[in-house]
Amino acid sequence: MDENLKREIILDNYQNPENKELIDDDSYLKVNQASESCIDNLDFMMKIENNNIVDVRYDGEACAISTSASSIMSRALIGKSVDEAKRILINYKNMIEDKEYDKELLGELNVYDNINKQPNRIKCALLPEEAIDKMLGGLENEK
Amino acid sequence: MNKEDFPMLEGDLVFFDNGATTLKPTQVVEDMDKYYSEFTSNIHRGDYDAAIETNTLYDETRNTVKEFVNARSEDKCIYTSGTTMSINMVVFSFMKSHLKKGDVVLLTKSEHASNILPWFKLKEEIGIDIKYVPLNKNYELTLTNLKKAMTSKVKVVSIAHITNVIGDIRDVEKIGELCREKNIYFCVDGAQSVPHIPVDFTKSNMDFLSFSGHKMLGPTGVGCLVVRGELFKEMDPVFLGGGMNLDFYSDGKYELHTDETKFEAGTPPIGEVIGLRSAILYLEKIGMENIHEHEKKLKDYLISKLEKMKNIKLYNTNSDSGIVSFNVDGIFAQDVSIYLNKHKIAIRAGNHCAKLLHEEIGEHNTVRVSMYLYNDFLDVDRLVDALNNKDILKEVI
Ligand SMILES: Cc1ncc(COP(=O)(O)O)c(C=O)c1O
């Protein structure tokens, strides 16, 4: 993907983030994801029905990278089964950490394929991944 | 001023993060190097030349510090690891045995974590009450509000002399007078004042003054707690060990030192104390009035530029120290910080450890510029030029 196009997608998702609004609903899984080393702080919530992710939301204060990544990630996961979501998360994490990954699974999330060149941005890009991973982990513990 | 003494400024770095820590002049580093390469030794325990030299410097530095903040000869200067440890020492070596359930400690919401959390812990332990004196519309502490808050239950006022986000200089002389009249302990967090303005322990009737070496051209790992002489006698050490006891016996009896070393168990940061001394001598040569005046000029200049920029929201145009806090419209503070780093400008983004302040200013995070003696008008111009850019976000991604 062209670098300028990537930048535009990131910028657009920062300035007009999707799903950036929490609701009061106890049927959602919830987690707060704050970084200890920087000042990003987002609350996430996710609804799962019949093993499918039907909604992902988040809100809080965070930088351009973690906000845009949360926006794109939420879009990528809504409508996926839990297993599909896990595959996306693993491949996304591998991409951010500069390991082998399957590009085909990641769609728009591929805009972050160069972020590992900016070490101080890696944790920003991983923020939504960690939050959702935690919520899915919590789900397994309940079983 | 004196840019040439700071090796980190040889390139094109603009260092505006002095509230967090300051650069070190060659003189300080050389004086510490000498200890590490020419007369390394422990204190209080040796009779050889190096030990005698070390001892003298270590002990004399207490007087250097006391003169620097105008403490009386009977007041004490305890070496600590920095402001945080100093304030913890006030709380746990003194207040814990002098306060009781229901006694009120007055703080403000612009205090640094280190002047809040130890008090929270004391509240958990002995049930003191913590009250916050309301700030005015400029987020500053006024005497009127303080007086109103000083009920008969108030036993302690613990505040920063200069706050680290708003940068307002509290009128410690008047506050000290009020505390004295009402028999209230007056504890001052001098982390942001001792390095930047003249501080007068005696005239301000302070009981405790805490500060850090690394924020005043000195090394990390050392700071001071200056204590009013009479109160020092009532302090009890939290840490015990070598270097602070006279003797101890198998039945559990022990006798402790009666001077400052009672609170300096174990081998202290000797090289760092020597560095602190060197930093104070350096600052004295320039003069604290001159440093303050210089920073204020730079701050006024920066504000005059930023005020003209529509996309900048300023939080503390009113305050008199060299701290400027702001946000850029639509851009997260940390993105501004990452962007400025690309222009070799070091500032800080965040809540600056003043995590209650957002309740007042309605903003969790800000960009903070904090000046020091080596900053100049060109530094300010570089910052303003960098901020005068419509494409900050694009550059930062
Ligand atoms: C007002 C204030 N108090 C206390 C501290 C804590 O200082 P230190 O981290 O050196 O203990 C700071 C440092 O940021 C400060 O600005």
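The preceding data block contains the structure.
Residues numbered from 1 in each chain as written. Chains lettered and ligands numbered in written order. Predicted model: local features only at pLDDT ≥ 70, side-chain atom pairs only at ≥ 80, totals over all residues. Heavy atoms only, no water.

> So, the interface of chain A and chain B: which residues are in play, and what are the values?
The interface is formed by 15 residues belonging to chain A together with 15 residues belonging to chain B. Between chain A and chain B we count one salt bridge in total. For Arg121(A), the salt bridge identified is with Asp335(B), shortest N-O distance 2.8 Å. Summed over the shared surface of chain A and chain B, the result is seven residue pairs in polar contact (both at pLDDT 80 or more). Listed by contribution, the elements that provide at least two residues to the side of chain A that touches chain B are α1 (3-15) and α4 (119-142) of chain A. When residues in the side of chain A that touches chain B are grouped by element, the largest group, five residues, is from α1(A). (Contact = heavy atoms within 4.5 Å. Salt bridge = Lys/Arg side-chain N within 4 Å of Asp/Glu carboxyl O. Polar contact = N/O pair within 3.5 Å; in protein donor to acceptor, adjacent residues only side chain to side chain. Helix = DSSP H or I, 4+ residues; strand = E, 2+ residues; numbered from the N terminus.)

> Could you give an account of the pairing of strand β2 (residues 76-80) of chain B, with specific residues and numbers?
Looking along a regular strand, one sees the side chains alternate between the two faces of the sheet. All names here are of chain B. Taken across its five residues, β2 has four buried, putting it largely inside the fold. Here β2 runs beside strand β8 (residues 223-227); their pairing, made up of five bridges, is antiparallel. When the sheet's bridge partners are listed, Lys-76 is paired in β8 with Val-227. (Buried < 20%, exposed > 50% of the residue type's maximum accessible area, 1.4 Å probe, protein only. Pairing = 2+ DSSP bridges.)

> How would you explain the side chain of Asn55(B) if you had to name every residue and give the values?
Residue and element names in this part refer to chain B. Assignment of secondary structure puts Asn-55 in helix α2 (residues 49-68). With a relative accessible area of 17%, Asn-55 lands in the buried category. Ignoring sequence-local partners within four residues, the contact set of Asn-55 consists of Ile-43 and His-44.

> For the packing of helix α10 (residues 333-342) of chain B against helix α12 (residues 377-387) of chain B, give the residues involved together with the corresponding values.
Residues and elements named next belong to chain B. Packing of α10 against α12 brings their axes to within 11 Å, and their N-to-C directions diverge by 120°. Judged by the twist between their axes, the crossing of α10 over α12 is right-handed. Taking contact as the criterion, the partners of Val-336, Tyr-339 and Leu-340 in α10 are, on α12, Leu-383, Ala-386 and Leu-387. (Axes fitted to C-alpha atoms, helices over the stretch in contact; angles between N-to-C directions. Left-handed = near helix turned anticlockwise from the far one by under 90°.)

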